[in-house]
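# A look at the structure
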Amino acid sequence: MKHAGAAVLAAALLSSSAMAADMTVGFSQIGSESGWRAAETSVTLQEAEERGIDLKFADAQQKQENQIRAIRSFIAQGVDAILLAPVVATGWDQVLEEAQEAEIPVVLLDRMVDSADDLYLTAVGSDLVHEGRVAGEWLVETVGDKECNVVELEGTTGSSPAIDRKNGFAEAIAGHDNIKIVRAQTGDFTRTKGKEVMESFLKAEGGGQDICALYAHNDDMAVGAIQAIKEAGLKPGEDILVVSIDAVPDIFQAMAAGEANATVELTPNMAGPAFDALEKFKADGTMPPKFIQTESKLYTQADDPMAVYEEKKNLGY
């Protein structure tokens, strides 16, 4: 019986492997605006290769029209499924309906869309509101009753991370009248824009003397802002607290140097759960939950940031 069971298991594994190898999946990626985004792309390519999936990759360079064009191209090619990391939340109904009519399941990665949930198979991602809330709760606990003026570097305008991470942070500091967001502006999730906007914040707030903390919707903007703070003659992490989201390697180097204080992790491996869901759906029609949530871990300077950096540095960031 043991031999028979082993044979059945082996056959099932071979069948699953063969099914995965027969899959062609289109992946519409936002672009490479951040280290985290680059890691997500790298991990997705690795996951596809390990599973024998033919992955057709399209870089949208942060433009929705490029993503819509790529999805239509995937539909025309008759792919088995589509992965979509949407640059913004709105404007997807028509192209998702086209994929549905072609019977091509769509899986959202790391961002949501403002469309009916029957237009996509599932979404894999973090609870973005929770990420912002974790960052805000860290600041509340850290500053206590101290008066704290916060500047906020927002993500791409209209994107679900920018909306949800802002809302979560606002929820966490609500009722703590000593903590106030005095300035907020998009840094478009990039280091260059993060530095540029932080420079304007510093000039507007007494050269930085009136700023207690920076909250950045991603680490890349925070890294750019840290450079601006240093160039202004201040000590990031001390004169201005720095909390951000993503947990990319460079932010751990900044924490080790005392220049950043906390980050909330967003895992770059959204593709693993997405491919698992697609393989089960293709095999026997198993419907996944509409949202597959990943973990959001808080890291601070107490968490041996250089050790974490060593763990993450080869993931494609």
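Here the structure is a predicted model, which is why all the values come from computation and not from measurement.

## Details of the overall build of the protein
Helices and strands together make up the secondary structure of the protein, namely 11 helices and 12 strands. At 21 Å, the protein has a C-alpha radius of gyration in line with the 20 Å of a compact globule built from 317 residues. The principal-axis extent of the C-alpha atoms belonging to the protein is close to 70 × 50 × 35 Å. Within the span of the protein, comprising 317 residues, buried residues form 53% of the whole. Considering only contacts within the protein whose residues lie at least 6 apart along the sequence, 75% involve residues at least 24 apart. A total accessible area of about 13600 Å² is found for the protein, and carbon and sulfur atoms account for 49% of it. Mean positive and mean negative side-chain charge positions of the protein (26 and 52 charges, respectively) differ by 3 Å.

## What to know about the sheet that holds strand S2 (residues 54-59)
Ordered by their spatial adjacency, six strands build an open sheet running S2-S1-S3-S4-S5-S11, and the pairing between neighbours is parallel. Of all strands in the sheet, those with a lone pairing partner are S2 and strand S11 (291-293), marking the two edges. Each strand of the sheet is rotated relative to its neighbour by a mean of 20°, with strand direction disregarded. In this sheet, S2 lies alongside strand S1 (residues 24-29) in parallel orientation, the contact comprising six bridges. Each bridged residue has a counterpart across the sheet, and for serine 28 the counterpart in S2 is alanine 58. Packing against the sheet, helix H3 (residues 64-77) makes contact with S1, S2 and strand S3 (81-84), and its axis sits at approximately 175° to S1.

## Section: unusual backbone geometry
The backbone of phenylalanine 189 shows a phi angle near 65°, a positive value even though the residue is not glycine. Positionally, phenylalanine 189 belongs in the loop between strand S7 (179-186) and helix H7 (191-204). Residue aspartate 246 is not a glycine yet carries a positive backbone phi of 130°. Tracing the backbone shows aspartate 246 in strand S9 (residues 241-246).

## Some words on the packing of aromatic side chains
Any aromatic ring pair is given by two values, namely how distant the centres are and how the planes are angled relative to each other. Within the structure shown, the criterion is met by three aromatic pairs. With a centroid separation of 5.1 Å and 90° between ring planes, the pair formed by phenylalanine 252 and tyrosine 299 is classed as edge-to-face. Of the two residues, phenylalanine 252 is situated in helix H9 (residues 249-256) and tyrosine 299 in strand S12 (residues 298-300); the sequence distance between them amounts to 47 residues. Assigned by exposure class, phenylalanine 252 and tyrosine 299 land together as buried. In this arrangement the basic side chain of lysine 290 is found over the ring face of tyrosine 120, its NZ or CZ atom lying 5.1 Å from the centre.

## Topic: H9
When we look at burial in H9, the residues that qualify are Pro249, Ile251, Phe252, Ala254 and Met255. Contact partners of the buried residues in H9: helix H8 (219-231), S9, strand S10 (262-265), S12 and helix H11 (305-312). Backbone geometry just downstream of H9 places glycine 258 in the positive-phi region, at approximately 80°.

## With respect to H8
In a regular helix each residue adds 1.5 Å, so 13 residues correspond to 18 Å; H8 covers 18 Å between its end C-alpha atoms and thus fits that length. Along H8, the positions that sit buried rather than exposed are Asp219, Asp220, Met221, Ala222, Gly224, Ala225, Ile226, Ala228 and Ile229. In the stretch just after H8, glycine 233 is the one whose phi turns positive, near 85°.

## Regarding the nonpolar core
Counting residues in each nonpolar core, the largest one holds 44 residues, and the members touching the most others are Leu83, Trp92, Leu109 and Phe275. The element that contributes the greatest number of residues to this core is H3, accounting for five residues. With residues up to four places along the chain from it excluded, the contact list for tryptophan 92 reads Gln64, Gln67, Ile68, Ile71, Leu84, Pro86, Val87, Val113 and Ser115. Ranked by size, the runner-up nonpolar core spans 28 residues in total, among them Val151, Met198, Ile240 and Ala260.

## Remarks on the state of the cysteines
Inspection of the entire model under this criterion finds one disulfide. The side chain of cysteine 148 participates in a disulfide bridge whose partner is cysteine 212; the two sulfur atoms lie 2.1 Å from each other. For the disulfide bridge between cysteine 148 and cysteine 212, the dihedral angle about the S-S bond is near -85°, and by the sign convention the bridge is left-handed. Here cysteine 212 lies in the loop between H7 and strand S8 (213-216) and cysteine 148 lies in strand S6 (residues 148-154), a separation of 64 residues in the sequence. Pair check on accessibility: cysteine 148 and cysteine 212 agree, each one buried.

## Considering the pattern of salt bridges
For the coordinates displayed, the defined rule picks out 22 salt bridges. Note that arginine 72 is salt-bridged to glutamate 98, the shortest N-O span being 2.8 Å. Remark: glutamate 98 occurs in helix H4 (residues 93-101) and arginine 72 occurs in helix H3; sequence separation between them is 26 residues. The class for glutamate 98 is partly exposed, based on a relative accessible area of 24%.

Cut-offs applied
- Residues numbered from 1 in each chain as written.
- Predicted model: local features only at pLDDT ≥ 70, side-chain atom pairs only at ≥ 80, totals over all residues.
- Heavy atoms only, no water.
- Helix = DSSP H or I, 4+ residues; strand = E, 2+ residues; numbered from the N terminus.
- Rg over C-alpha atoms; globule rule 2.2 N^0.38 Å.
- Buried < 20%, exposed > 50% of the residue type's maximum accessible area, 1.4 Å probe, protein only.
- Contact = heavy atoms within 4.5 Å.
- Areas by Shrake-Rupley, 256 points an atom, 1.4 Å probe, with all protein chains shown as cover.
- Lys, Arg positive; Asp, Glu negative; His and termini not counted.
- Charge placed at Lys NZ, Arg CZ, Asp CG, Glu CD.
- Pairing = 2+ DSSP bridges.
- Axes fitted to C-alpha atoms, helices over the stretch in contact; angles between N-to-C directions.
- Phe/Tyr/Trp six-rings, centres within 6.5 Å; stacked < 30°, edge-to-face > 60°.
- Lys NZ or Arg CZ within 6 Å of the ring centre and 35° of its normal.
- Expected span 1.5 Å × (residues − 1).
- Core = buried A, V, L, I, M, F, W, Y, C linked by side-chain atoms within 4.5 Å.
- Disulfide = S-S within 2.5 Å.
- Salt bridge = Lys/Arg side-chain N within 4 Å of Asp/Glu carboxyl O.

All quantities given are derived from atomic positions and should not be read as evidence of function.
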